[in-house]
Amino acid sequence: MISNDTIVALATPSGAGAIAVIRISGKEAITIASSVFQSVSGKDITKQRTHTLHLGHIVDDNKVLDQVLLSLFKGTNSYTGENTVEISCHGSTYIQQQIIQLLLRKGCRMAQAGEFTLRSFLNGKMDLSQAEAVADLIASDNEASHQIAMQQMRGGFSNEIAKLREELLNFASLIELELDFAEEDVEFADRTAFHELVNRIEFVLKRLIDSFAVGNVIKNGIPVAIVGEPNVGKSTLLNALLNEERAIVSDIAGTTRDTIEDELVIDGIGFRFIDTAGIRDTQDVVESIGIKKTFEKMEQAQVVVYLFDSSEYKALGSQLQTEIQKIKNQFPLKPLVIIGNKADKLTDTEVAELKTLIPEILLISAKEKLGVDELKKELLSFVNTGALRNNETIVTNTRHYDSLLKALEEIQKVKWGLQNNLSSDLMAIDIRQALYYFGEITGQVTNDELLGNIFANFCIGK
Ligand SMILES: Nc1nc2c(ncn2[C@@H]2O[C@H](COP(=O)(O)OP(=O)(O)OP(=O)(O)O)[C@@H](O)[C@H]2O)c(=O)[nH]1
Ligand SMILES: [Mg+2]
């Protein structure tokens, strides 16, 4: 997959800006750049040292296109691990296009999505999971996802995997050596130490696999469904949380007919709030589609917020408890927050009475924005941020998760083999298989299709 082409792409977002950066990488990067660059002091950039900056002009046949700053990276000391030139030009889209077209005429080819990072991986500058973290880092939009991507990019995750793989590899060679001496019935691999290693690997794999639940949620935002009967103030609550008039609020029951979603970052954790159509029996076709969707959203949500109109609690009577119980029965494992809204309409005695009636109740006034902070706090308590705080490795990538699951399965086979005195040749097969899945994560085992899929999701220019 390594190609000898010299590639070029715009590294900054397309469109006009103060400056734009055009990146060139490949064997001919410096020669090609020097053919269009005239240094103000008459320097020949092919003769300059690596990691130096040069002021000059990009010139197309005597026509000056722009005054630019050129950064030089020679040899393997660059992001891609090959000759790289970065041209910082003025950020007009016209200038960007003119310079890129000129470079294409001079022998560069347009880079594909993620090709700079792919080269970095192929040239051994980073392993596959680190390369993937680059994409996560660019996509991270809150503190938690940023922290995870940063940790992965610095190699936290792959170091752990690579170390275990190394140890396992040692045992694999010893076991395979035993095969050569099959007649003599010798054991080179210390079975007790091996058992200990297998247990340790199993433990680490399980921890990483468990962390995926947390990681996935952090990467994509925790979905929180706001449900309840019509007119209880669900849309008002969504607006209060987001601090903007996102959803239409009215005193007409059945105002929200489709689900409305928006994100909010609380204490570094992304939440995705879903305002739903109020649940009731209705003949209206559109409204009933909305209600059906409400149940789907409840199903998908990580947390359900059940809202009712607390000023109506006397009229509701036992119906309220029945409704709450219904949700609990339907989603027994889902965290449920019970909110009595419109508490601004309650007297102190009514507040006290409601609290004894439903001890876990949170009384708020979405309209007056009272109690919204308490709700945020409660939502945060559902997120297991322990791992995040302790700086433990968290898996967020589905591809890694898949490989970890498969590796665990193989390791458990090895463990079973050890416990049941399985012959070395059969055990060696399971170990090799486990090693294969470890290698898939760090990129020691790859194929073109896998790499193609991973890097296709990158931006062009990264
Ligand atoms: N007094 C008071 N009124 C509120 C409060 N929250 C919402 N309301 C009012 O209740 C009415 C219904 O509010 P919505 O937010 O549209 O209710 P909803 O649950 O989204 O209703 P549907 O979309 O029809 O299911 C509006 O007139 C709001 O102004 C509150 O905390 N106190
Ligand atoms: Mg609504």
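No experiment lies behind these values; they were computed from the predicted model shown.

Novice: Sorry, what's going on with the UniProt feature "binding site: Mg(2+)" (unreviewed entry) in the protein here?
Specialist: The sites that UniProt annotates as "binding site: Mg(2+)" (unreviewed entry) are Ser235 and Thr256. A stretch of 22 residues holds the annotated residues, and the largest C-alpha distance among them is 7.6 Å, short enough that they meet in one place. Following the sequence through the fold, Ser235 ends up in helix H8 (residues 234-242). Of the residues examined, Ser235 reaches a relative accessible area of 8% and is grouped as buried.

Novice: Mind showing me how you'd approach the coordination of the magnesium ion (ligand 2) here?
Specialist: Geometrically, a metal with four donors at the corners of a regular tetrahedron has ideal angles of 109.5 degrees, and one with six donors at the corners of a regular octahedron has ideal angles of 90 or 180 degrees. Distances from the magnesium ion (ligand 2) to its protein donors, Ser235 (OG) and Thr256 (OG1), fall at 2.0 Å. Here Ser235, found in helix H8, pairs with Thr256, found in the loop between H8 and strand E9 (260-266); they are 21 residues apart in sequence, far enough to count as distant. One exposure class covers both Ser235 and Thr256, and it is buried.

Novice: Sorry if this is basic, but what is going on with the sheet that holds strand E11 (residues 303-309) here?
Specialist: Backbone-to-backbone hydrogen bonds pair the strands of a sheet. The strands run either parallel or antiparallel. Pairing in this open sheet of 6 strands is mixed, and the strands run E9-E10-E8-E11-E12-E13 from one edge to the other. Each having just a single partner strand, E9 and strand E13 (362-363) make up the two edges of the open sheet. Bridge count for strand E12 (residues 336-341) against E13 is 2 bridges, and the pairing is parallel. Bridge pairing in E13 places Ile339 opposite Leu362. Strands in contact with helix H9 (residues 285-300) are strand E8 (222-228), E9, strand E10 (269-275) and E11; relative to E8, the strand with the most contacts, it is inclined by about 140 degrees.

Criteria and thresholds
Residues numbered from 1 in each chain as written. Chains lettered and ligands numbered in written order. Predicted model: local features only at pLDDT ≥ 70, side-chain atom pairs only at ≥ 80, totals over all residues. Heavy atoms only, no water. UniProt positions renumbered as here; feature names shortened; annotations may be inferred. Helix = DSSP H or I, 4+ residues; strand = E, 2+ residues; numbered from the N terminus. Buried < 20%, exposed > 50% of the residue type's maximum accessible area, 1.4 Å probe, protein only. Donors = N, O, S within 2.8 Å, 3.2 Å for Na, K, Ca; no water. Pairing = 2+ DSSP bridges. Contact = heavy atoms within 4.5 Å. Axes fitted to C-alpha atoms, helices over the stretch in contact; angles between N-to-C directions.

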